[in-house]
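# Residue-level structure breakdown
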Amino acid sequence: MKTASPGGFRQAITQAFAQFGRKLSSLVSAPPSGHSRLPDTASVERSTRKQLVSLLKRVDSCDFEDGKLGAELDKLEDLKKQWLQSPPGQTEQQFDEMVRDVLVQHFPGKTIRHLEKTVGVMAGPDFDHLPQAPLRQRLAALVKAKVGDYRSVEALKAHHKNEIHRMGFGQARKIAGGIFWKGPMLAGAVKAFDKATKDCEYKPGATEADLQAAREALEEAGDRLLDALDARSPKASGPALRRRLFSNQNWTAIVVKARNQTQADLYAQFEGDYLQPPRNSDAVARKSAQVKALRIQLAHDEPRQRGALRSTEEQYFRLLRKKRVYLEAVRATGEPENDDDMKVLRDTLARLPTKTSGKAKSADGGAPDYAAGLQTLEQAIAAADRKIATRVALTLGHIDELEQAPPDTPERAETAQWLVSNTPKVVLSRLPPEAQLRLMKLVRGDLTSQPPQEERWKPFAEAQAKLYQAMELRPELLTHEKQLRRDVMSELEQDKKMLQEARDLWHTYTPQQRRAVLMHIAKVHSKVLGCEPPDNIVFTSDPKVSGYEWQGSSRTIVVGTADAHYLDFEHMMDGVFHENTHNWQDQLIKAVKSRAATQSPLYEQALIFETNHPFYLDSDYGYLDYRTQPLEAHAFHSGRRLAADLMRMLAS
């Protein structure tokens, strides 16, 4: 390499970097892995490694001006050829491993992981501003300067891909593609959607605003595709409409916590009939638009800082959000109109500044008095508590009577099932845990495991599902888990840089890299929980595994890759926390029978998990029944909150 002039020097530098990048990328393309050596190859390996170390040291010390870099890189390639030709025939992978081992010594830590990706673009204007230094130092400085840009771009691309996936149009495009005669309307909608999808592809230099505009255009094209599909083939459009309606983008809005009147009005508008089956494409588009309006308002309102005092309006909506379902359930119990407590309840609810859904009442010319509303709300809750206490005492008497009947008779089980079906769920949820478990035992009779889905078992299945829904998570568990989440975040904060990199580059990671991150998360989570971590995490393309599974017999978390969820970092964190919570539940159940367990504040909750375990309901029994059984209610609660806390910690 000759450098006769400044321009020639610059060109020579560029050529040298490009040559180095090409050769280095070809030499270190394979990830390190364990392998065995035959005894008669040991001397060949020692000799080659010695030459390799010596050669790379010379490359490391080469200066661009001395004309030796090109010659040394050629020697590196020649050494590889000699290795491949040496008896008894070494592999290219083995040589690559030796190269990587030596490179790690000279390019430690993060730099080596990004070197292959960045070295090809590093010979640019930045080089002229660096002081003269050996090759290693120049590479290290350049890579460090480029890594930040690289990670920010990859994070932008990952966020863009996730947002597209969360829209939920994939099913609609798949169904439309399978219709042979589309007709002009559907054919045009498919063509427009494909063009919008193409336009949504990331292009170098694109900004967040550019990508947001492309996503909005894709969303419009997707809604038009749903319209055309619904008009062309209403019977086939059902799955596509449901996928869009219950997409991550819409479904996650269910857990939004309204803090003021504007947010509450938008939430009530969206939440009203959201869980009803979609009637048509217009209804689905309307719900999606309501979600978007709610999220825009949430982003516009300044978030409350942790530890800051809540305004009276915030206190009112916080208490209403917690007690809304309870108050509406008590009002719907069918108690006589002349009952004193029900009169107080109806009167106080009528005097609230909002409806129980949080939606504003008709304007009467004055601003809502949230301070008075807060006092009125507390009075309503007290009246509801008095009413339910009476019904709980009556139900406990019925349970005592049933336990006096001859045991293990179909009649007793049938009577218990009738009692559950005719008792409001709000009353069942206020029974003490031991009474809930006694009633569940009566309902099951002589059953020891979940019976098949047959018509004759329908009364039992409905009674059991209703009791499961009434077995709400115990306050002791919720308090315990709140501290556990803080402890998990404290532990993971020590790996903040590694996890930020994983978040930003997740879609570029190999399955092995993803597994390593998930195993680390599971081990830290298990350490804080005080349980054994899972033995393994495996990926499967089996279409039957659409999400995640905990296999207790093999102590393995299974991750399905048939859907694109595994490319979403936050979704994967939610999944691994969720499934590892099942791991903890299994170990809590095993500890129930120990003498020390009876003194634990989690003992009652562990007993509830134990009664759920042999009568576990998979999703074939219906999503609501599956989702609300104690084991799953807890895992969904824990996984979602831990994942949200992790994303906030990484963003701070």
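So, here's what we can say about the structure. It should be emphasised that the depicted structure is a prediction, and the values quoted were computed from it without experimental measurement.

Rules behind the numbers
Residues numbered from 1 in each chain as written. Predicted model: local features only at pLDDT ≥ 70, side-chain atom pairs only at ≥ 80, totals over all residues. Heavy atoms only, no water. Helix = DSSP H or I, 4+ residues; strand = E, 2+ residues; numbered from the N terminus. Buried < 20%, exposed > 50% of the residue type's maximum accessible area, 1.4 Å probe, protein only. Areas by Shrake-Rupley, 256 points an atom, 1.4 Å probe, with all protein chains shown as cover. Salt bridge = Lys/Arg side-chain N within 4 Å of Asp/Glu carboxyl O. Core = buried A, V, L, I, M, F, W, Y, C linked by side-chain atoms within 4.5 Å. Contact = heavy atoms within 4.5 Å. Phe/Tyr/Trp six-rings, centres within 6.5 Å; stacked < 30°, edge-to-face > 60°. Lys NZ or Arg CZ within 6 Å of the ring centre and 35° of its normal. Pairing = 2+ DSSP bridges. Axes fitted to C-alpha atoms, helices over the stretch in contact; angles between N-to-C directions. Expected span 1.5 Å × (residues − 1). Arc of directions from axis to C-beta. Patch = residues over 30% accessible without salt bridge, like charges linked within 9 Å, V, L, I, M, F, W, Y side chains within 5 Å. Lys, Arg positive; Asp, Glu negative; His and termini not counted. Charge placed at Lys NZ, Arg CZ, Asp CG, Glu CD. Parallel < 35°, antiparallel > 145°, perpendicular 65-115°, else oblique. Nonpolar A, V, L, I, M, F, W, Y, C, P; charged D, E, K, R; others polar.

### Considering the overall build of the protein
Within the protein, the secondary structure is distributed over 27 helices and 3 strands. Per-residue burial over the protein gives 44% buried out of 652 residues. In the form shown here, the protein has an accessible surface area of approximately 33,700 Å², with 54% of it arising from carbon and sulfur atoms.

### Observations regarding the pattern of salt bridges
A complete count under the given rule lists 29 salt bridges for this structure. Residue Lys-198 pairs with Glu-201 through a salt bridge whose shortest N-O separation is 3.6 Å. Under the relative-accessibility criterion, Glu-201 is labelled partly exposed at 43%. Put simply, Arg-648 and Asp-645 hold a salt bridge, and the shortest N to O gap is 2.4 Å. Of this pair, Arg-648 and Asp-645 both sit in helix H27 (residues 630-651), 3 residues apart, roughly one helical turn. The network of salt bridges with common partners includes Glu-163, Arg-166, Asp-568 and Glu-570.

### Topic: the nonpolar core
Residues Leu-327, Leu-345, Leu-492, Trp-506, Ile-521, Met-573 and Leu-646 are the most contacted members of the largest nonpolar core, which totals 90 residues. For this core, the leading source of residues is helix H16 (residues 370-404), giving 11 residues. The contact partners of Leu-492, leaving out residues within four places of it in the chain, are Leu-499, Ile-521, Val-524, Phe-577, Leu-646 and Met-649. Counting 31 residues, the second largest nonpolar core, distinct from the first, contains Ala-172, Ala-189, Val-190 and Ala-228.

### Here's the deal with the packing of aromatic side chains
Evaluated as defined, the whole model comprises 15 aromatic pairs. Three or more aromatic residues joined by ring pairs make a cluster, and in this case those are Phe-246, Trp-251, Tyr-267, Phe-270 and Tyr-274. A cation over a ring is seen here: Arg-444 above Phe-615, with NZ or CZ 3.7 Å from the ring centre. Directly above the ring of Trp-506 sits Arg-514, whose terminal nitrogen or CZ lies 5.9 Å from the centroid.

### A short note on the sheet that holds strand E2 (residues 548-551)
As summarised here, the arrangement of the 3 strands in space is E1-E3-E2, forming an open sheet in which the pairing is mixed. A strand with exactly one partner marks an edge of an open sheet, and here the two such strands are strand E1 (536-540) and E2. Put simply, the sheet's adjacent strands are angled 20° from each other on average, direction ignored. Examined bridge by bridge, E1 and strand E3 (residues 556-560) share 5 bridges and lie parallel to one another. Paired with Thr-540 across the bridge in E3 is Gly-560. Helix-sheet contacts for helix H23 (residues 511-529) involve E1 and E3, and the interaxial angle to E1 is about 140°. On the sheet, helix H24 (residues 569-591) packs against E1, E2 and E3 and is oriented at approximately 20° with respect to E2.

### So, helix H8 (residues 183-199)
Given a rise of 1.5 Å per residue, 17 residues ought to cover 24 Å, and the 24 Å separating the end C-alpha atoms of H8 matches this to within 8%. Within H8, burial applies to Gly-183, Leu-186, Ala-189, Val-190, Phe-193 and Ala-196. All buried residues of H8 lie within an arc of 130° about the axis, which places them on one face of the element. Along H8, the residues that are exposed and aim more than 90 degrees away from the buried face are Pro-184, Lys-191, Lys-195 and Lys-198.

### Focus on unusual backbone geometry
Of note in this structure, Arg-555 is not a glycine but carries a positive phi near 55°. Assignment of secondary structure puts Arg-555 in the loop between E2 and E3.

### Thoughts on a positive patch on the surface
On the surface, Lys-257, Arg-304, Arg-306, Arg-310, Arg-318, Arg-321, Lys-322, Lys-482 and Arg-486 cluster together into a patch of positive charge. Listed by contribution, the elements that provide at least two residues to the positive patch are helix H14 (312-331) and helix H21 (475-492). With 3 residues, H14 is the largest single contributor of residues to the positive patch. Tracing the backbone through its elements, the reader meets Arg-304 in the loop between helix H13 (281-300) and H14.

### Structural notes on the environment of Pro-353
Position of Pro-353 among the secondary structure elements: in the loop between helix H15 (340-350) and H16. Each C-alpha atom, one on Pro-353 and one on Tyr-316, is 9.8 Å from the other, the two residues being 37 residues apart in sequence. Those residues within four positions of Pro-353 in sequence are excluded, and the remaining contacts are Tyr-316, Lys-361, Pro-368, Asp-369, Tyr-370 and Gly-373.

### With respect to the packing of H24 against helix H25 (residues 603-612)
Between H24 and H25, the shortest axis-to-axis distance is 9 Å and the interhelical angle comes to 105°. Of the possible angle classes, the one that applies to H24 and H25 is roughly perpendicular. Here Gln-585, Leu-588 and Ile-589 of H24 come into contact with H25, specifically with Ala-606, Phe-609 and Glu-610. Across the contact of H24 with H25, the residue classes break down as 4 nonpolar, 1 polar and 1 charged.

Function cannot be read off these values alone, since they describe shape.
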